Amino acid sequence: MSFSSDEVNFLVYRYLQESGFLHSAYVFGIESHISQSNINGALVPPAALLTILQKGLLYTEVEWSVGEDGEVARPIEGLSLIDAVMPEVKTPKAIVKTEPGKPGAVDSSATAGGNQNNNAKPEIKIEPGTGVGGLAGGNKTAGSTTGTSTPTDQSASEVDSSGNPANNTGGTYAGNNGAGGNQASTGGANSASTPAGGDSTAPGANQKKSQNSNEAGSSSSGNAGNANATSTDDAASSTSTNGNSSTSSSVEQPSSGLTPAGGTVSTSNPDAAASGGASTAGGAKAPSGAVTIRVGAQGNNVQSGSSTAQNSAPSGTISSSTSGGAGTPAALVPMDIDESIEIPESKARVLRGHESEVFICAWNPSRDLLASGSGDSTARIWDMSDANTNSNQLVLRHCIQKGGAEVPSNKDVTSLDWNCDGSLLATGSYDGYARIWKTDGRLASTLGQHKGPIFALKWNKCGNYILSAGVDKTTIIWDASTGQCTQQFAFHSAPALDVDWQTNQAFASCSTDQRIHVCRLGVNEPIKTFKGHTNEVNAIKWCPQGQLLASCSDDMTLKIWSMNRDRCCHDLQAHSKEIYTIKWSPTGPGTNNPNTNLILASASFDSTVRLWDVERGSCIHTLTKHTEPVYSVAFSPDGKHLASGSFDKCVHIWSTQTGQLVHSYKGTGGIFEVCWNSKGTKVGASASDGSVFVLDLRKF
């Protein structure tokens with residue numbers, strides 16, 4: 001027996017048509033490329049999907065009713081479709097068989113191990129008030145809303161990819177992903193690479209990032225109608241990735257209201273966990289501790305476990321630590337936050353306008369302009385200068401050409417970066433295109449060469465080249481002045497997750513293939529390859545001097561590499577879960593802070609941030625006040641402070657000298673990114689509920 005994703009997609013398409021969901025059928029048909037399949041629709045009978053589902057349901061009833069000996073163990077009547085797909089999670093009660101004249105005997109087939117081939121239908125536990133069985137996993141669907149709106153004192157100018165501005169007097173505009181603001185994505189098992197301008201989608205690696213090394217993308221559709229989730233502030237949880245899973249071809253499966261056994265339903269919007277989540281944040285990788293299913297990963301790996309509730313008291317071990325950065329982890333207990341250091345609301349400006357998760361934000365290096373990128377297929381430029389009290393925003397709509405017209409791409413904007421003088425903003429999207437924008441919101445050029453989502457994008461220091469990494473396993477150097485591909489590097493065997501310039505013409509790239517390549521413009525082979533990680537490499541960063549390269553991985557290690565050595569200089573093992581990102585301090589020789597020691601910060605899903613003395617290979621401080629996975633860290637321009645953002649909705653500001661928490665602010669959604677302005681006076685943050693906020697740290 002075999003079937004393809006094209007066949008499944010066609011049956012779903014026909015079901016939508018026959019059920020009267022004509023608009024949904026049209027959108028689904030476009031995104032799943034129904035017209036390109038070789039299926040003769042005239043030969044497919046009406047109600048084909050329902051017919052095959054009914055037959056599968058009858059088979060399941062028989063499977064559960066009849067034992068291996070052919071006897072009816074327990075007749076099953078009226079089995080629902082949802083019950084049929086629920087996995088067995090509870091040991092069935094022993095079946096008592098009686099024969100005439102004999103006392104009842106216990107059927108030995110109902111073993112304590114809960115074998116899935118038991119003759120009896122397993123008992124499905126219904127949680128009070130939920131109407132949902134407690135499960136260990138399973139495919140899930142969900143709807144969650146981010147429902148953000150622009151306050152009346154904010155004005156928005158909208159600019160699409162064609163460069164045509166449109167005034168938006170209402171303060172908000174129709175979201176490209178509909179009311180839900182979250183994308184539910186599906187990928188066929190045999191999906192082929194989609195063109196750069198097409199509908200390829202993938203989970204953000206630094207958005208991520210579960211991509212199959214044999215496939216370049218999967219189709220996705222905007223979840224326009226799911227608005228049934230109930231928001232609760234205390235229900236924050238996050239998705240998980242199996243530390244041993246390999247790359248996967250599709251995005252994270254969306255979650256439903258089904259409550260996993262021993263865990264909480266994960267969402268990219270922590271406020272939506274009450275009745276089900278949305279798909280994992282497009283750029284964000286799923287943390288351990290809840291439930292995630294990766295389509296196409298080895299065995300559809302599922303890892304379950306309970307997440308720390310937002311306002312619950314921390315229990316057990318939060319992180320592991322050793323004084324030397326390696327060895328046996330020691331338990332650490334998170335400290336309580338002193339209310340006296342909380343940043344008052346008067347020092348925080350909350351920016352509303354995005355209609356989905358905001359994965360990334362970055363300050364202009366010359367002016368107080370904050371750029372943000374979201375799952376609503378827009379980037380926005382916010383004017384945060386002191387003279388502007390209205391938080392004016394420019395809306396940069398990411399569009400693609402279809403049928404000779406500009407239409408919204410409906411894909412996440414997952415990466416953005418300003419050039420050195422702040423005159424241009426580059427964005428990378430899941431639609432496969434990179435774009436260059438001017439500060440007034442006009443589109444300068446569109447860069448199209450990748451076949452699938454772009455995961456990372458960086459300007460070089462001179463500002464003449466842009467470097468990008470994509471799910472198509474390649475990295476590309478672009479000529480910023482012409483928008484043309486200067487050189488494409490195809491050395492990775494799996495999706496490239498991150499890139500970083502060493503010089504103006506040399507760079508490093510990392511991948512889910514566990515390799516790090518150092519390449520140079522004009523050279524057709526890597527000039528250096530680093531091997532040593534045992535799981536996908538999430539991020540890489542060159543030190544300010546360009547001599548040392550730091551890398552972090554799902555193997556829970558942080559490694560330091562030198563071009564003079566084949567093996568790593570330091571293998572730092574202290575985190576107890578995946579390390580999501582790393583940052584070097586802007587200190588040491590050749591920086592604006594030459595007399596301050598160079599340190600490295602690492603952020604992990606174990607809810608901790610660690611500061612490292614790279615020269616000695618030791619952990620200086622372990623920062624433990626977060627209670628959920630930490631997605632972002634950023635040093636202040638003088639290197640004296642570190643900002644960290646976590647899915648516990650908190651942004652913490654730490655002293656890098658003492659490791660003490662000096663400021664704290666709790667937002668309304670899980671934090672994906674934090675960043676400092678060039679003066680070191682403001683911290684920007686982007687969140688899973690569609691909000692962006694700016695903390696003014698002056699006069700503290």
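Conventions used here
Numbering of residues starts from 1 in every chain and runs along the sequence as written. In keeping with the predicted nature of the model, local features appear solely for residues at pLDDT of at least 70, side-chain atom pairs appear and are counted solely at 80 or more, and the whole-chain, interface and lining totals rest on all residues. Computation of side-chain values covers all heavy atoms of the structure but excludes hydrogens and water. Here a helix means four or more residues in a row that DSSP labels H or I, a strand means two or more in a row labelled E, and each is numbered from the N terminus. The rule is simple: take the accessible area with a 1.4 Å probe, protein chains only, and divide by the maximum for that residue type; under 20% is buried, over 50% is exposed, in between is partly exposed. Throughout, a contact is declared for two residues whenever any of their heavy atoms are within 4.5 Å. Per-residue and other accessible areas were derived by the Shrake-Rupley procedure at a 1.4 Å probe size, with only the shown protein chains allowed to occlude residues. In this analysis an axis means a line fitted to C-alpha atoms, helices contributing only their contacting stretch, and an angle means the value between N-to-C directions, from 0 to 180 degrees. Geometric relationships in this document are graded by angle, where less than 35 degrees denotes roughly parallel, more than 145 denotes roughly antiparallel, 65 to 115 denotes roughly perpendicular, and other angles denote oblique. Handedness of a crossing follows from how the near helix is turned relative to the far one, being left-handed for an anticlockwise turn of less than a right angle and right-handed for a clockwise one. Three categories are distinguished: nonpolar for Ala, Val, Leu, Ile, Met, Phe, Trp, Tyr, Cys and Pro, charged for Asp, Glu, Lys and Arg, and polar for the others, with Gly belonging to the last. One requirement defines pairing of two strands: DSSP has to find at least two bridges between them. A helix is expected to reach a length of 1.5 Å times the quantity of its residues less one. Definition used for salt bridges: Asp or Glu carboxyl oxygen within 4 Å of a side-chain nitrogen of Lys or Arg. Per-residue confidence from the prediction method is given by pLDDT, with values spanning 0 to 100. Working definition: a ring pair exists when centres of Phe, Tyr or Trp rings (six-membered ring for Trp) sit within 6.5 Å. Plane angles under 30 degrees give stacked, over 60 give edge-to-face, the rest tilted. Read the arc as the range of directions from the helix axis to the C-beta atoms. Patch membership needs two things, relative accessible area over 30% and no salt bridge, and members are linked within 9 Å if like-charged or within 5 Å if nonpolar (Val, Leu, Ile, Met, Phe, Trp, Tyr). We call a set of buried Ala, Val, Leu, Ile, Met, Phe, Trp, Tyr and Cys residues a nonpolar core when their side-chain atoms join them within 4.5 Å.

This part takes up the overall build of the chain. Per the secondary structure count, the chain includes four helices and 42 strands. Split into buried and exposed, the 700 residues of the chain put 57% on the buried side. For the chain, restricting intrachain contacts to residue pairs at least 6 apart in sequence, the fraction spanning at least 24 positions comes to 59%. When the accessible surface of the chain is totalled, it reaches about 28100 Å², and 49% of it is carbon and sulfur.

Take the packing of helix α1 (residues 5–18) against helix α2 (residues 22–31) next. Following both chains from N to C, one finds α1 and α2 inclined at 160°, their axes separated by 8 Å at the closest point. Overall, the two elements α1 and α2 adopt an arrangement that is roughly antiparallel. Every pair of crossing elements has a handedness; the one defined by α1 and α2 is left-handed. The segment α1 lies against α2, with Asn9, Val12, Tyr13, Leu16 and Gln17 engaging Leu22, Ser24, Ala25, Phe28 and Gly29. Of the residues that constitute the contact of α1 with α2, the class distribution is six nonpolar, four polar and no charged.

This paragraph deals with the sheet that holds strand β35 (residues 618–623). Across the sheet, which stays open at both edges, the four strands sit in the order β32-β33-β34-β35 with antiparallel pairing between neighbours. Bordering the open sheet on either side are β32 (579–584) and β35, each of which pairs with just one other strand. The average angle at which neighbouring strand axes cross in this sheet is 25°, direction not considered. In this structure, β32 lies alongside strand β33 (residues 600–604), joined through five bridges in antiparallel fashion. If you follow Ile579 over to β33, its bridge partner there is Ser604.

Time to look at helix α3 (residues 48–65). An α-helical turn contains 3.6 residues, so any two residues separated by three or four positions project in the same direction. Between the first and last C-alpha of α3 there are 26 Å, a value that for 18 residues agrees with the 26 Å anticipated at 1.5 Å per step. Taken together, the buried positions of α3 are Ala48, Leu49, Leu57, Thr60, Glu61, Trp64 and Ser65. Check the buried side of α3 and you find it contacts α1 and α4 (81–85).

What follows deals with the pattern of salt bridges. Taken as a whole, this structure holds 16 salt bridges when the rule is applied. Residue Asp376 pairs with Arg380 through a salt bridge whose shortest N-O separation is 3.6 Å. The pair formed by Asp376 and Arg380 is uniform in burial state, with each residue classed as buried. A salt bridge links Asp571 to Lys559; the shortest N-O distance between them is 2.7 Å. Taken together, the residues Asp571 in strand β31 (residues 570–573) and Lys559 in strand β30 (residues 557–562) connect sequence positions twelve residues apart. On the basis of relative accessibility, which here comes to 29%, the residue Asp571 falls in the partly exposed class. Among the residues examined, Lys559 registers a relative accessible area of 5% and is labelled buried. Taken together, the salt bridges that share partners define one network made up of Asp368, Asp386, Lys682, Asp696 and Arg698.

Another point: the sheet that holds strand β16 (residues 413–418). Here we have four strands laid out as an open sheet, ordered β16-β17-β18-β19, and antiparallel in their pairing. Of all the strands in the sheet, just β16 and β19 (443–448) have a single pairing partner and so form its edges. The sheet shows a mean angle of 20° between the axes of neighbouring strands, taken without regard to direction. Relative to strand β18 (residues 433–438), strand β17 (residues 424–429) is paired through five bridges, and the arrangement is antiparallel.

The next subject is the side chain of Thr581. Relative to the assigned elements, Thr581 resides in strand β32. Residue classification places Thr581 among the buried positions, given a relative accessible area of 11%. Not counting the four nearest positions on each side in its chain, Thr581 is found in contact with Ala539, Cys552, Ala601, Ser602, Ala603, Tyr631, Ser632 and Val633.

Once that is clear, we can look at the confidence of the model for the chain. Of the residues in the chain, 62% have a pLDDT of 70 or more, and the chain-wide mean is 73. pLDDT under 50 marks residues 162–283. Its contacts with residues more than four places away, or in other chains, come to 466 contacts. Contacts of residues 286–337 to residues separated by more than four positions or lying in other chains number 183 contacts, the stretch itself having pLDDT below 50.

Another point: the packing of aromatic side chains. Enumeration over the complete set of coordinates arrives at 14 aromatic pairs. Taking the centre distance of 6.1 Å and the plane angle of 65° together, the rings of Tyr430 and Phe455 count as edge-to-face. You can see Tyr430 sitting in the loop between β17 and β18 and its partner Phe455 sitting in strand β20 (residues 454–459), a full 25 residues away along the chain. Like Tyr430, the residue Phe455 is buried in the burial classification. Taking the centre distance of 5.1 Å and the plane angle of 75° together, the rings of Phe489 and Phe507 count as edge-to-face. Highlighted residues: Phe489 in strand β23 (residues 484–489) and Phe507 in strand β25 (residues 506–511), separated in sequence by 18 residues. Taken together, the ring pairs in this structure connect Phe359, Tyr580, Phe605, Tyr631, Phe647 and Phe672 into an aromatic cluster.

Between the first and last C-alpha of α1 there are 20 Å, a value that for 14 residues agrees with the 20 Å anticipated at 1.5 Å per step. Within the sequence span of α1, burial applies to Ser5, Asn9, Phe10, Tyr13, Arg14 and Leu16. Buried residues along α1 cover an arc of 165° about the axis, so they all sit on one side. Packing partners of the buried residues in α1 comprise α2. Two residues or fewer after α1 comes Gly20, characterised by a positive phi angle close to 90°.

This part is about the pairing of β23. Each regular strand shows side chains that alternate between the opposite faces of the sheet. Of the strand pairs in this sheet, strand β22 (residues 475–479) and β23 are connected by five bridges, and their pairing is antiparallel. Each bridged residue has a counterpart across the sheet, and for Ile477 the counterpart in β23 is Gln487. Taking the residues that link successive antiparallel strands as the turn, the β22-β23 hairpin has four residues, and the phi of Gly483 there is positive, at about 75°.

This part covers a nonpolar patch on the surface. A cluster of nonpolar side chains, namely Tyr15, Phe21, Leu50, Ile52, Leu53 and Leu81, defines an oily patch on the protein surface of about 520 Å² accessible area. Looking at which element gives the most residues to the nonpolar patch, the answer is α3, with three residues. Mapped onto the fold, Tyr15 is located in helix α1.

Considering the arrangement of structural elements, one finds Ala25 in helix α2. Between the C-alpha atoms of Ala25 and Val12, which are 13 residues apart in sequence, the distance is 8.4 Å. Setting aside residues no more than four positions away along its own chain, Ala25 makes contact with Tyr13, Leu16 and Gln17.

Below, the discussion takes up the nonpolar core. In terms of nonpolar packing, the biggest core is built from 16 residues, with Val651, Val683 and Leu695 touching the most fellow members. Ignoring sequence-local partners within four residues, the contact set of Val683 consists of Trp363, Ala643, Val651, Ile653, Cys675, Trp676, Phe693, Val694, Leu695 and Leu697.

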